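Survey of secondary and tertiary structure
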Amino acid sequence: MSNTLRIEGLSKTYANGVRALQDVSLTIPTGMFGLLGPNGAGKSTLMRTIATLQEADSGSITLGQLDVLRQKDEVRRILGYLPQEFGVYPRISAETMLDHFAVLKGIVNAKERKEVVAALLRRTNLYEKRKQNLGTYSGGMRQRFGIAQALLGNPQLIIVDEPTAGLDPGERVRFHNLLAEIGENVVVILSTHIVEDVSDLCSRMAIIANGQVLMTGDPLQRIQDLHGKIWRRTIDKHELEHYQSAYQVISTRLIGGRTVIHVYSDVQPDSSFGEVPTSLEDVYFSTLNGKVAEEKAA
Ligand code: ADP
């Protein structure tokens, strides 16, 4: 089965008038796909719609031959979903809970279920702690448990929504390693506002904001495209306004208490600016600031 996920012309306006998705079209091949955007961009709305949990107003989604918006039961059978808020029952052990999820996933044979549950707990490095109640789990352990339940039943489509938001750096690395082990033959969509999640893991990506796709592509290629166009300079905080009016400042950040700006420019603005080895963060901010889209249109 060719498992490309195709989203075409997807739109959603909430009852309060918020246009969460505006004519979103994306082609998502198998492998790890990063959906990057600021809070409120529409990522969760898109993830929940793909996961058959809410309706769009218009547009279509297909996975191979499946009509995702209509064949909901079929989609649910091949879907693994880790939602943004993954609630767990605190007084139940990981093993018991995962066994329960496995029943819901249709794994009715007890012996098979036992093996599947044990294998997933091993894979997510929770086997030693399987008898422990979920309420005692750290954020990182809970996220790994969330992945364990999402992997039940060998899903062809895996959606993880903001998976590393509350994790400390060590937990994040462990979670990344786990995600990276998921097969290349399934579609994995990683929705996040954290740029490093995408640069570490994803071979394809899209940036969305205000319910619109601003760019799609291969992260490494996009980083290359910006090569020689991003310049940095350390400034005094009170100079920021001046620089913002004189240059295309795409981002500002504090490094060691000093303000460092990144500027988009085809040529070195002046000798006080140094060239930056571009990163996905530069791609992200220049896209959000309209630079990349403008270039494509030109
Ligand atoms: P993200 O996941 O990128 O943070 P969301 O999809 O959660 O974005 O939200 C997109 C926009 O839709 C936001 O402005 C949000 O406030 C709004 N929104 C999300 N869910 C609802 C809802 N159930 N009712 C009304 N507005 C909503």
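The following paragraphs examine the structure supplied in this document. Just so it is clear, the structure is predicted and the values come from calculations on it, not from any experiment.

Conventions we followed
Residues numbered from 1 in each chain as written. Predicted model: local features only at pLDDT ≥ 70, side-chain atom pairs only at ≥ 80, totals over all residues. Heavy atoms only, no water. Buried < 20%, exposed > 50% of the residue type's maximum accessible area, 1.4 Å probe, protein only. Helix = DSSP H or I, 4+ residues; strand = E, 2+ residues; numbered from the N terminus. Pairing = 2+ DSSP bridges. Contact = heavy atoms within 4.5 Å. Axes fitted to C-alpha atoms, helices over the stretch in contact; angles between N-to-C directions. Salt bridge = Lys/Arg side-chain N within 4 Å of Asp/Glu carboxyl O. Parallel < 35°, antiparallel > 145°, perpendicular 65-115°, else oblique. Left-handed = near helix turned anticlockwise from the far one by under 90°. Nonpolar A, V, L, I, M, F, W, Y, C, P; charged D, E, K, R; others polar.

Most of helix α10 (residues 280–288) is tucked away, with seven of its nine residues classed as buried. Three or more residues of α10 are buried, namely Leu280, Glu281, Asp282, Val283, Tyr284, Ser286 and Thr287. One or two residues past the end of α10 sits glycine 290, with phi positive at roughly 85 degrees.

Attention shifts here to the sheet that holds strand β14 (residues 274–275). Picture the strands of a sheet paired through backbone hydrogen bonds; they go either parallel or antiparallel. In spatial order, the strands read β12-β13-β11-β14; together these four strands make up an open sheet with antiparallel pairing. Looking at which strands have only one partner, the edges of the open sheet turn out to be β12 (248–255) and β14. In this sheet, strand β13 (residues 258–264) lies alongside strand β11 (residues 230–235) in antiparallel orientation, the contact comprising six bridges. Opposite isoleucine 230, over in β13, you have tyrosine 264 as the bridge partner. Against the sheet, α10 contacts β11, β12 and β13, and its axis sits at roughly 130 degrees relative to β12.

All right, on to the pattern of salt bridges then. Taken as a whole, this structure holds 12 salt bridges when the rule is applied. Of the charged contacts in the structure, one is a salt bridge between glutamate 55 and lysine 72, with a shortest N-O distance of 2.7 Å. In this pair, glutamate 55 sits in the loop between α1 (43–50) and β4 (58–63) while lysine 72 sits in helix α2 (residues 72–77), placing the two residues 17 residues apart along the sequence. Among the ionic pairs, aspartate 197 bridges to arginine 172, the shortest N-O distance being 3.2 Å.

In this section: the packing of helix α5 (residues 139–150) against helix α6 (residues 169–180). At a minimum axis separation of 9 Å, α5 and α6 run at an interaxial angle of 10 degrees. Judged by the inter-axis angle, α5 sits roughly parallel to α6. Where α5 crosses over α6, the two elements pack in a sense that is right-handed. Across from Gly139, Gly140, Gln143, Arg144 and Ile147 in α5, the residues of α6 making contact are Glu171, Arg174, Phe175, Leu178 and Leu179. Of the residues belonging to the contact of α5 with α6, the class tally is four nonpolar, three polar and three charged.

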